[in-house]
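Here are the chains, one letter per residue:
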Amino acid sequence: MGIRVAVAGASGYAGGELLRLIAGHPEFDLVAATAHSQAGSPVSAVHPQLAGLDLTLGATDAETLSGADLVFLALPHGQSAAVAARLAEGVRVVDLGADFRLESAEQWTRYYGGGHAGTWTYGLPELPGARAAIAGADRVANTGCYAATIILALAPLIAAGVADPEDVVVVASSGTSGAGRNAKVNLLASEIMGDLSPYKVGAHQHVAEIKQATGAGSLSMTPILAPMPRGILATVTARRRNGGDPREALQAAYADAPFVHVLPEGSWPHTAATAGSNSCHLQATVDIDSGRIIVVSALDNLGKGAAGQAVQNANIMFGLPETTGLSVFGVAP
Ligand SMILES: NC(=O)C1=CN([C@@H]2O[C@H](COP(=O)(O)OP(=O)(O)OC[C@H]3O[C@@H](n4cnc5c(N)ncnc54)[C@H](OP(=O)(O)O)[C@@H]3O)[C@@H](O)[C@H]2O)C=CC1
Ligand SMILES: CC(=O)N[C@@H](CCC(=O)OP(=O)(O)O)C(=O)O
């Protein structure tokens, strides 16, 4: 028996991708998968892509999750704290939700409302010092999907003094799975196909997380819903500082990062190239007119933006090579 793993919220999009990755992981054995309204359904009835995975969704309670060494929580915001509190000490937990990402209770209330549950180790291994912190943690808060895309593009530029942290502008498009399977927004195919629509303009909840992780002081973000199932493409621009080279700063930061690729000069990221992988693709230049830095970043919101990142964090928590069970390469076309 390897590491015994349970997934809470397994009927959702992030949960389904976790099940797929766990099924192919050489050290993880899936012992339980839970749901809420769909508890009692076979996994393959809820996730047709997982036909052959012979397991029934249980209720999300301490009893169902009790046999696991590692629990992934893929629950709606506000649900993780109560479930985590009922897990035995020593059980490793990776929360894919937002509940434990922010250090500031004030920022939590501003963007999510209600009481702040607390702060866990932030699970973005590519940040300086993060691998050691994750390796020593029992509880890790996975990043938001836009947050991972944007932090990977921006953090090295601010750290290297190449980008002005007080002047950052982001426009980012996401596929519809980012909104979850029980999305409150209207995702009727007849309405989203052939359409690009901005939403949460000037008030996206990931801004607090991005500022916390990068040191950005002022950041404007405009999210756009794109008619595709998976993928995020973020264009991050910032005022350039000290004549620094943004591409060199990214290359230096990610020289040893197996999942972050600074593309060859002249190649720009495509979301489709990252689908099904745990990779993030980056490219950078300096605008020939404004002189601003431009970084384009792409990843799979369910991969490096959620389930893949969660498995990468869990690998580090258990002392495994961080790439175990994860694909560097996408499945395009
Ligand atoms: N989708 C994405 O790209 C990303 C998602 N995340 C985060 O991951 C988490 C899951 O997201 P996602 O998979 O998209 O969401 P989904 O809406 O697709 O799935 C939500 C899951 O939570 C269960 N659930 C719903 N209500 C409750 C409740 N009251 N108590 C316990 N379980 C409940 C659902 O069960 P049932 O279906 O049986 O009702 C389902 O299994 C969220 O916190 C989200 O923010 C993070 C990064 C990216
Ligand atoms: C397309 C779409 O609606 N995307 C969601 C992404 C949320 C997410 O996945 O991140 P959290 O875990 O922080 O909720 C949004 O923009 O709110």
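Residues numbered from 1 in each chain as written. Chains lettered and ligands numbered in written order. Predicted model: local features only at pLDDT ≥ 70, side-chain atom pairs only at ≥ 80, totals over all residues. Heavy atoms only, no water.

(A) Region of the structure containing the UniProt feature "domain: Semialdehyde dehydrogenase NAD-binding" (unreviewed entry) in the protein. UniProt tags residues 4-135 as "domain: Semialdehyde dehydrogenase NAD-binding" (unreviewed entry). The distance separating the terminal C-alpha atoms of residues 4-135 is 18 Å; by composition the span is 29% helix and 20% strand. (UniProt positions renumbered as here; feature names shortened; annotations may be inferred. Helix = DSSP H or I, 4+ residues; strand = E, 2+ residues; numbered from the N terminus.)

(B) View of the packing of aromatic side chains. Evaluation of the coordinates by the stated rule reveals 2 aromatic pairs. Relative to Tyr112, the ring of Trp108 has its centre 4.2 Å away and its plane inclined at 15°; by these criteria the two rings are stacked. Residue placement shows Arg92 over the ring face of Phe318; its charged tip is 4.5 Å from the ring centre. (Phe/Tyr/Trp six-rings, centres within 6.5 Å; stacked < 30°, edge-to-face > 60°. Lys NZ or Arg CZ within 6 Å of the ring centre and 35° of its normal.)

(C) Representation of the pattern of salt bridges in the model. Per the counting criterion, the structure on display carries 13 salt bridges. Across the salt bridge formed by Asp164 and Arg239, the nearest N and O atoms sit 3.5 Å from each other. Of this pair, Asp164 sits in strand E8 (residues 163-174) while Arg239 sits in strand E11 (residues 232-240), and the two are 75 residues apart along the sequence. With a relative accessible area of 11%, Asp164 lands in the buried category. Arg239 gets classed as partly exposed once you look at its relative accessible area, which sits at 46%. Counted as one network, the salt bridges with shared partners bring together Asp164, Asp167, Arg239, Arg241 and Arg292. (Salt bridge = Lys/Arg side-chain N within 4 Å of Asp/Glu carboxyl O. Buried < 20%, exposed > 50% of the residue type's maximum accessible area, 1.4 Å probe, protein only.)

(D) Molecular detail of empty space enclosed by the protein. Throughout the structure, instances matching the rule amount to 1 cavity of 30 Å³ or more. Quantified by volume, the largest cavity comes out at close to 30 Å³. Lining the largest cavity are Glu17, Arg20, Leu21, Gly276, Ser277, Asn278, Gly303, Gly308, Leu326 and Ser327. The set of elements that each furnish at least two residues to the lining of the largest cavity consists of helix H1 (13-23) and helix H11 (303-317). (1 Å grid on protein atoms, 1.4 Å probe; cavity = no way out; pocket = protein on both sides within 12 Å on 5 of 7 lines; lining within 4 Å. Points joined across faces, edges and corners; volume = space filled by probe spheres on them.)

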